[in-house]
Amino acid sequence: MEYASQVLYDALIQSTDDYLYLCNMKTGVFRYSPALVAAFELPGEVVKSPLIYWRQIVHPDDWERFYKSNMEIGENKRDSHNVEFRARLRSGEYIWLRCRGHLMRDEYGEPLLFAGIMQHLGRQNKIDPLTQLFNQHVFIERLQEGIADEGLERLAVMVLDVDDFRQYNALYSREFGDELLRTLARTIQALLPENSDLFRLEGNHMGLLVSNSSEQEILSLFQTFQKRLQHMKRWQAEKINVQLSAGCAFFPKDGTLSGELYQYAEYALQYAKQHGKNQLVLFTEEILKEKNTRLELVRKLRYAVAHDYQGFYLHYQPQVNGSTGKITGVEALMRFQDQEGRRISPIEFIPILEAEGMISSTGPWVLRQAVRQARDWVKKMPDFALSINASAMQVNAPEFLPLLRQILEEEKFPRENLIIELTESCAVQNLNVFRDKFEQLQSMGIRVAMDDFGTGYSSLEILKNAPIDIVKIDRSFVKDILHSRFDATFISFIVSICHIVNIQVCLEGVETEEEFAFLKNMHLDCIQGYYFGRPMEGAAITGLLELSVSDKQTN
Ligand code: C2E
Ligand code: CA
Ligand code: CA
């Protein structure tokens with residue numbers, strides 16, 4: 001049996017360009033065909049316990065599926081498996097594989113041999129089933145062909161993405177999201193010139209290759225997409241405004257390798273999204289520099305997180321009573337200073353902490369620091385309110401509530417004195433999930449504030465459907481308050497509605513005496529802004545509180 005299968009195996013690897021594998025179930029040793037070892041980061045043809053290698057090769061999103069399917073064989077639950085997954089080639093590129101295998105048993109019914117093939121789906125599956133566009137493999141093939149084609153002078157490599165796509169999926173449904181992508185693909189395709197091809201790339205990105213056209217032509221092509229989208233009746237009927245961002249790199253100006261050009265187009269797309277969306281950005285050296293600066297910052301933040309949060313610290317900004325201007329609490333705000341002493345704004349580093357998965361450790365750190373600090377303030381002023389910011393990602397994590405409970409208990413901080421602030425745009429994305437979390441927070445005695453209120457899509461829906469205690473009106477409404485009737489009316493309107501349903505209103509961004517004078521009679525519950533104090537060190541808050549408490553005693 002052993003011999004026969006060896007011969008068969010040797011014959012097979014000569015006659016197919018699929019990848020073959022074989023496992024001796026008695027010893028657990030795998031044998032992989034040379035082509036497989038050449039393609040993927042495997043240590044050799046004969047491997048014992050290969051799962052640790054596959055863990056690195058299989059796409060993280062597909063790992064669970066891959067692992068489960070293998071375990072079912074190992075645990076004797078099944079005799080065959082058939083699983084599709086993405087795997088990373090030695091070149092770094094991911095490809096789709098379909099792995100089919102079968103278990104053979106010996107005469108006693110014991111597992112003997114597990115054998116199968118992995119099929120490179122890229123070779124057959126060139127079409128994205130949702131949009132019917134060519135998929136990423138074809139995109140890369142065409143890109144490589146273009147680069148190799150001597151008759152080609154220039155090639156524009158564009159990557160496109162729908163702005164806030166996840167929002168549509170969450171607000172409507174997956175089906176709606178799918179339909180949107182399908183329609184979009186058809187719409188763009190209909191606008192394309194002869195010398196171009198459209199592809200569906202990873203995630204929801206689309207790729208566009210345009211040969212021999214100038215930067216100007218590319219920019220105006222993108223404008224035609226935008227104009228067309230603006231006038232799409234079917235989306236107008238849904239009252240949504242679908243917008244696109246795109247990034248573009250040019251061969252040979254920006255690079256001469258397919259991987260490089262694709263990556264640069266992606267960088268330019270990320271840049272477009274980070275700088276206002278709804279635009280096409282052409283790749284430049286500055287974008288690469290900015291990308292590198294970001295990578296550098298990621299490195300610094302990782303280092304800090306791994307070294308006892310060295311460089312992170314908190315500032316506290318006073319919150320005052322809306323009519324008297326007396327301090328009632330603070331908002332804790334995170335700060336970061338790198339080892340060269342440079343201060344980096346939270347607007348810059350918080351999104352990175354979120355994107356790189358570090359917020360799950362910095363979030364609890366902030367909470368613990370803040371409640372330790374604020375314990376004394378609560379002793380001085382029993383209804384002192386400590387507000388903490390939490391990212392949607394943090395709140396979504398299953399460990400959020402248990403950890404919160406644990407920290408408050410360990411640090412002996414009264415729950416009634418804590419407010420958790422969450423930004424409006426996050427909550428809208430998934431109201432149902434958040435409603436549940438908010439209710440649990442409230443049942444623990446913790447208050448919930450909706451931050452940056454008025455900047456999201458459906459502020460009023462939030463008021464109606466989310467169980468919140470406090471609304472924090474975004475500071476953009478204060479900027480022009482002395483001149484804008486809309487802003488003033490908006491604020492007093494929100495105050496009126498909120499008070500009817502027992503929600504308190506806090507206004508952010510009051511910077512001058514005139515603004516405060518104007519707002520004083522608007523029945524705001526609380527105000528926060530530079531006029532009453534910038535974010536400051538804990539000691540400075542202690543000073544303010546002592547003043548305010550002794551004020552009360554002399555009055
Ligand atoms: P935010 O939660 O809306 O915090 C208020 C921001 O407005 C703070 O900026 C504060 O310094 C600023 N601000 C307050 N009053 C005024 C004013 O009168 N005028 C002007 N121009 N600005 C004012 P900061 O500290 O730069 O924080 C920026 C954002 O970073 C915060 O916005 C929040 O979203 C995020 N952030 C800060 N700390 C944390 C944290 O610990 N966790 C999380 N998840 N996010 C945080
Ligand atoms: Ca806040
Ligand atoms: Ca805010």
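Please refer to the structure placed before this passage.
Chemist: Hey, could you run me through the overall build of the chain in this one?
Modeler: Within the chain one finds 22 helices and 20 strands. Its C-alpha atoms give the chain principal-axis dimensions of about 100 × 60 × 50 Å. The buried share of the chain, taken over its 555 residues, is 48%. Sequence-distant contacts, at least 24 apart, represent 61% of the contacts inside the chain between residues at least 6 apart. Total accessible area on the chain is roughly 28,100 Å²; 50% of this is exposed by carbon and sulfur atoms. Looking at charge distribution, the chain has the averaged site of its 60 positive side-chain charges lying 3 Å from that of its 76 negative ones.

Chemist: Just checking my understanding: could you explain the environment of Q167 for this structure?
Modeler: Relative to the elements of secondary structure, Q167 occurs in helix 6 (residues 165–171). Along the sequence, Q167 and G177 sit 10 residues apart, while their C-alpha atoms lie 9.3 Å from each other.

Chemist: Explain the coordination of the calcium ion (ligand 2) here, please?
Modeler: Note on metal geometry: ideal angles are 109.5 degrees for four donors arranged tetrahedrally and 90 or 180 degrees for six donors arranged octahedrally. For the calcium ion (ligand 2), every protein donor is listed as E331 (OE), N389 (OD1), E421 (OE) and D451 (OD), and the spread of their distances is 2.1 to 2.3 Å. Spacing between the donor residues of the calcium ion (ligand 2) along the chain follows E-x57-N-x31-E-x29-D. The metal-metal distance between the calcium ion (ligand 2) and the calcium ion (ligand 3) is 4.2 Å, with D451 serving as a donor to both. Of this pair, E331 sits in strand 13 (residues 327–337) while D451 is found in strand 17 (residues 447–453), placing the two residues 120 residues apart along the sequence.

Chemist: I keep staring at the site of ligand 1 and nothing clicks. Help me out?
Modeler: Taken together, 22 residues lie around ligand 1, and Q317, R335, D451, E511 and Y530 are the ones closest in. Note that a nitrogen atom of ligand 1 is positioned 3.1 Å from one of the side-chain N or O atoms of S391. Within the side chain of D451, an N or O atom sits 2.9 Å from an oxygen atom of ligand 1. In isolation ligand 1 has 800 Å² of accessible area, and contact with the protein removes 85% of it. Elements with a contribution of two residues or more to the shell around ligand 1: strand 13, helix 12 (346–355) and strand 17. No other element matches strand 13, which puts 4 residues into the shell around ligand 1.

Chemist: How should I be thinking about helix 12 in this particular structure?
Modeler: One full turn of an α-helix is made of 3.6 residues, so residues set three or four places apart face in the same direction. Those residues of helix 12 not exposed but buried are F349, I352 and L353. Seen end-on, helix 12 carries its buried residues on one side only, within an arc spanning 100 degrees. Pointing more than 90 degrees away from the buried face of helix 12 are the exposed residues I347 and A355. Of the surrounding secondary structure, the elements contacted by the buried residues of helix 12 are helix 11 (285–306), strand 12 (312–321), strand 13, strand 14 (343–344) and helix 13 (359–380). The residue sitting at the N-terminus of helix 12 and contributing the capping side-chain oxygen is S345; that oxygen lies 3.0 Å from the backbone nitrogen of I347.

Chemist: Explain the pattern of salt bridges to me, please; I cannot follow it from the model alone.
Modeler: Pairing between side chains of opposite charge can happen when their charged atoms approach one another. Considering all chains together, one arrives at 34 salt bridges under this definition. Of the charged contacts in the structure, one is a salt bridge between K380 and E546, with a shortest N-O distance of 3.7 Å. Placement of K380 in helix 13 and of E546 in helix 22 (residues 538–554) is noted, with a sequence separation of 166 residues between them. Take K380: its relative accessible area is 33%, and that puts it in the partly exposed class.

Chemist: Looking at this structure, I do not really get unusual backbone geometry. What am I missing?
Modeler: What you tend to see is this: most non-glycine residues have negative phi, and most peptide bonds are trans. With an omega of 0 degrees, the peptide bond running from F251 to P252 counts as cis. Assignment of secondary structure puts P252 in the loop between strand 10 (244–251) and helix 10 (258–274). If you check the backbone angles, D164 has positive phi at about 55 degrees while not being a glycine. Position of D164 among the secondary structure elements: in the loop between strand 7 (155–162) and helix 6.

Chemist: Help me out: how do you make sense of the coordination of the calcium ion (ligand 3) in this one?
Modeler: Summarising the metal site, the calcium ion (ligand 3) is bound by the protein donors D451 (OD), D452 (OD), E508 (OE) and E508 (OE), whose distances to it range over 2.1 to 3.1 Å. All donor residues of the calcium ion (ligand 3) come from one chain, and their arrangement in sequence is D-D-x55-E.

Chemist: Mind showing me how you'd approach the pairing of strand 5 (residues 94–105) here?
Modeler: Walk down a regular strand and you will see the side chains alternate between the two sheet faces. When strand 4 (residues 80–88) meets strand 5, the two strands line up antiparallel, connected through 9 bridges. Across the sheet, the residue bridging to V83 is C99, located in strand 5. Once strand 4 ends, the chain turns through 5 residues before running back antiparallel as strand 5, passing G92 with a positive phi of about 100 degrees. The pairing of strand 5 with strand 6 (residues 111–120) spans 9 bridges and is classified as antiparallel.

Chemist: Is there a simple way to think about the side chain of S387 in this case?
Modeler: Relative to the elements of secondary structure, S387 occurs in strand 15 (residues 385–389). If we ignore the near neighbours within four places in the chain, the residues touching S387 are Q319, V330, E331, A332, I419 and E421.

Chemist: How should I be thinking about the state of the cysteines in this particular structure?
Modeler: Cysteine pairs can be linked by a disulfide, which is a covalent bond between their two sulfur atoms. According to the stated counting rule, one finds 0 disulfides in the structure shown. You can see C99 has no disulfide; the closest cysteine sulfur is in C23, sitting 12 Å from it.

Chemist: Sorry if this is basic, but what is going on with the nonpolar core here?
Modeler: Nonpolar side chains tend to gather and get buried jointly when the protein is soluble and globular. In terms of nonpolar packing, the biggest core is built from 82 residues, with F312, L386, L404, L418, I468 and I491 touching the most fellow members. The dominant element in this core, judged by the number of residues it contributes, is helix 13, at 9 residues. Once residues within four sequence positions are removed from consideration, I491 is found in contact with I473, F477, I481, L507, L519, M522 and L524. With 34 residues, the next largest nonpolar core counts L184, L208, V210 and M232 among its residues.

Conventions used here
Residues numbered from 1 in each chain as written. Chains lettered and ligands numbered in written order. Predicted model: local features only at pLDDT ≥ 70, side-chain atom pairs only at ≥ 80, totals over all residues. Heavy atoms only, no water. Helix = DSSP H or I, 4+ residues; strand = E, 2+ residues; numbered from the N terminus. Buried < 20%, exposed > 50% of the residue type's maximum accessible area, 1.4 Å probe, protein only. Contact = heavy atoms within 4.5 Å. Areas by Shrake-Rupley, 256 points an atom, 1.4 Å probe, with all protein chains shown as cover. Lys, Arg positive; Asp, Glu negative; His and termini not counted. Charge placed at Lys NZ, Arg CZ, Asp CG, Glu CD. Donors = N, O, S within 2.8 Å, 3.2 Å for Na, K, Ca; no water. Near = heavy atom within 4 Å. Polar contact = N/O pair within 3.5 Å; in protein donor to acceptor, adjacent residues only side chain to side chain. Arc of directions from axis to C-beta. Salt bridge = Lys/Arg side-chain N within 4 Å of Asp/Glu carboxyl O. Pairing = 2+ DSSP bridges. Disulfide = S-S within 2.5 Å. Core = buried A, V, L, I, M, F, W, Y, C linked by side-chain atoms within 4.5 Å.

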